[in-house]
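# Structural characterization, general
Chain residues, written in single-letter form:
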Amino acid sequence: MTTGQHLLACLLLLAVPFCRVAAEEFPASDSRITWVGRTAVQGADVSFDWSGVYALVQFHGDTLTLRASDTGKDYFNVWYDRDAMTALPDTTFCLSSRDTTLTLFAGAPGEHRLIVQKRTEGEQGCATFHAFCADSLGQARPVRERVIEFVGDSYTCGYGTLSDNARDPFTPETEDCNRTYAAVIARHFGADFWLVAHSGMGIARNYGDMLPGYFMPDRYLQTFDEKKQPAWSAERYGVKPALTVIYLATNDASSRKQPTREAFVNNYLTLIRRIKDNYGEAHPVLCVVPKGRDIMFDYIKAAMLACQMKQVTYMVLTSSVHDSEGELGASYHPNWRGQLKKAYAIIPYVSTLTGWPLEDEPLR
């Protein structure tokens, strides 16, 4: 059993459908709770399905419970009394009921902080948090000044990241967006982050030609991963990232096929334009050429040559960025070790584009 699977097994014992009634119930939409990522608020409820969405809760008491529901079966990471997420969560839980109550914290009375993060992607389900229960609620820290947006596919979702065998079939238990290059980069710079990522999606062609005519530049406009409406409004969200990283095109070249260069370039520039429309012309965008996709290097380079927008650059991950033996997980996707190496390669570009200095501490 892997470390991640052991942690999951531990929390599944705690994620019981009944909990001690706390002193007061607070709606998930309470302004004292900080949400990072794309969400939709309806009354007391906060709904979301993108990978990596997380909530920060500050509370007083010896117990914190959550009342929530899910349209599918999603896995979550939880951290206690930390200002930021670490590579390994303190515990995890699975949410699969229409309406259930979970004990997220039971410990010594006092002031506590909790972070809860959706670690599986939208096709696994859409979660709705209804309310938290505690003795009292405090003001959680706001979104940090440093924020990074990542737009990607299964590599960014953390598909198979917790597996150590490339021949393992994918299961949601092995997917953890917190063990990806994106999360590592954010932790290195002390940044918050959000993901706009879906497995199998490409710029102008999806894996296995699924969903023809509907690609990541289209999905980028959505509040929900799995729903085309409502549209996402960066202006209404009110938080602007310092940088957007695009890590796409693996699926465009999958199955020994690829879209035409013209279609790819047009769609790639459409995605960059939509990012710029969100955050302004001066907003930096880093385009990552995926590992071992030589033809996509030509395509992305063509898009960069055609791009007339400011602050757009690209970098290349060659086939040597990680090995194809011990650093692959389920369904031949990079595992935790492979993801770390991707982060090491990308971090210098993030530092240059944002002006954030490199840290001396090792990546985690």
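Look up: the structure comes first, before these words.
The paragraphs below set out a description of the structure included in this document. Note that the coordinates shown come from a computational prediction; the quantities given were computed from them, not determined experimentally.

Of the regular secondary structure elements, the protein chain holds eight helices and 17 strands. A globule of 364 residues ought to have a C-alpha radius of gyration of about 21 Å, and the protein chain, at 20 Å, matches this closely. Over its C-alpha atoms, taken along the principal directions, the protein chain stretches across nearly 60 × 45 × 45 Å. Looking at the protein chain alone, contacts between residues at least 24 apart form 78% of all its contacts between residues at least 6 apart. Surface exposure of the protein chain reaches about 14,700 Å², of which carbon and sulfur atoms provide 51%.

Here the focus is the packing of aromatic side chains. Inspection of the entire model under this criterion finds 21 aromatic pairs. Taking the centre distance of 5.6 Å and the plane angle of 65° together, the rings of Phe 59 and Phe 105 count as edge-to-face. On the criterion of sequence distance, the pair formed by Phe 59 in strand S5 (residues 54-60) and Phe 105 in strand S9 (residues 100-106) is long-range, its members being 46 residues apart. This pair shows no difference in class: Phe 59 is buried, exactly as Phe 105 is. Ring centres of Trp 232 and Tyr 237 lie 5.3 Å apart, and the angle between their planes is 50°; on these two criteria the pair is classed as tilted.

Attention shifts here to the environment of Thr 174. Positionally, Thr 174 belongs in the loop between helix H2 (154-157) and helix H3 (181-188). Exposure remark for Thr 174: the relative accessible area of 7% places this residue in the buried category. Between the C-alpha atoms of Thr 174 and Arg 187, which are 13 residues apart in sequence, the distance is 21 Å.

The subject of this paragraph is the sheet that holds strand S13 (residues 147-152). The five strands are arranged S14-S13-S15-S16-S17 in an open sheet whose pairing can be described as parallel. The outermost strands of the open sheet, each flanked by one partner alone, are strand S14 (192-197) and strand S17 (312-316). Between one strand axis and the next, the sheet turns through 20° on average, direction left out of account. Of the pairings in the sheet, the one linking S13 to strand S15 (residues 243-247) comprises five bridges and is parallel in character. Across the sheet, residue Phe 150 finds its bridge partner in S15, namely Val 245.

With the exception of glycine, the majority of residues adopt a negative phi angle, and the majority of peptide bonds are in the trans configuration. Cis geometry marks the peptide bond from Gln 229 to Pro 230; its omega dihedral reads 5°. Mapped onto the secondary structure, Pro 230 falls in the loop between helix H4 (216-219) and helix H5 (234-237). The phi dihedral of Asp 209 falls on the positive side, at around 60°, and the residue is not glycine. Within the fold, Asp 209 resides in the loop between S14 and H4. On the basis of relative accessibility, which here comes to 38%, the residue Asp 209 falls in the partly exposed class. Phi at Tyr 332 is positive, roughly 65°, even though this residue is not glycine. With respect to the helices, strands and loops of the structure, Tyr 332 is situated in the loop between S17 and helix H8 (336-354).

Closest axis-to-axis distance for the H3/H8 pair is 8 Å, and the angle between their directions is 50°. One element, H3, and the other, H8, form an angle in the oblique class. As H3 packs across H8, the resulting crossing turns out to be right-handed. Together, Tyr 181, Val 184, Ile 185, Arg 187 and His 188 of H3 and Trp 336, Gln 339, Leu 340, Lys 342, Ala 343, Ile 346, Ile 347 and Val 350 of H8 make up the contact between the two elements. Tallied by class, residues from the contact of H3 with H8 come to nine nonpolar, two polar and two charged.

What counts and how
Residues numbered from 1 in each chain as written. Predicted model: local features only at pLDDT ≥ 70, side-chain atom pairs only at ≥ 80, totals over all residues. Heavy atoms only, no water. Helix = DSSP H or I, 4+ residues; strand = E, 2+ residues; numbered from the N terminus. Rg over C-alpha atoms; globule rule 2.2 N^0.38 Å. Contact = heavy atoms within 4.5 Å. Areas by Shrake-Rupley, 256 points an atom, 1.4 Å probe, with all protein chains shown as cover. Phe/Tyr/Trp six-rings, centres within 6.5 Å; stacked < 30°, edge-to-face > 60°. Buried < 20%, exposed > 50% of the residue type's maximum accessible area, 1.4 Å probe, protein only. Pairing = 2+ DSSP bridges. Axes fitted to C-alpha atoms, helices over the stretch in contact; angles between N-to-C directions. Parallel < 35°, antiparallel > 145°, perpendicular 65-115°, else oblique. Left-handed = near helix turned anticlockwise from the far one by under 90°. Nonpolar A, V, L, I, M, F, W, Y, C, P; charged D, E, K, R; others polar.

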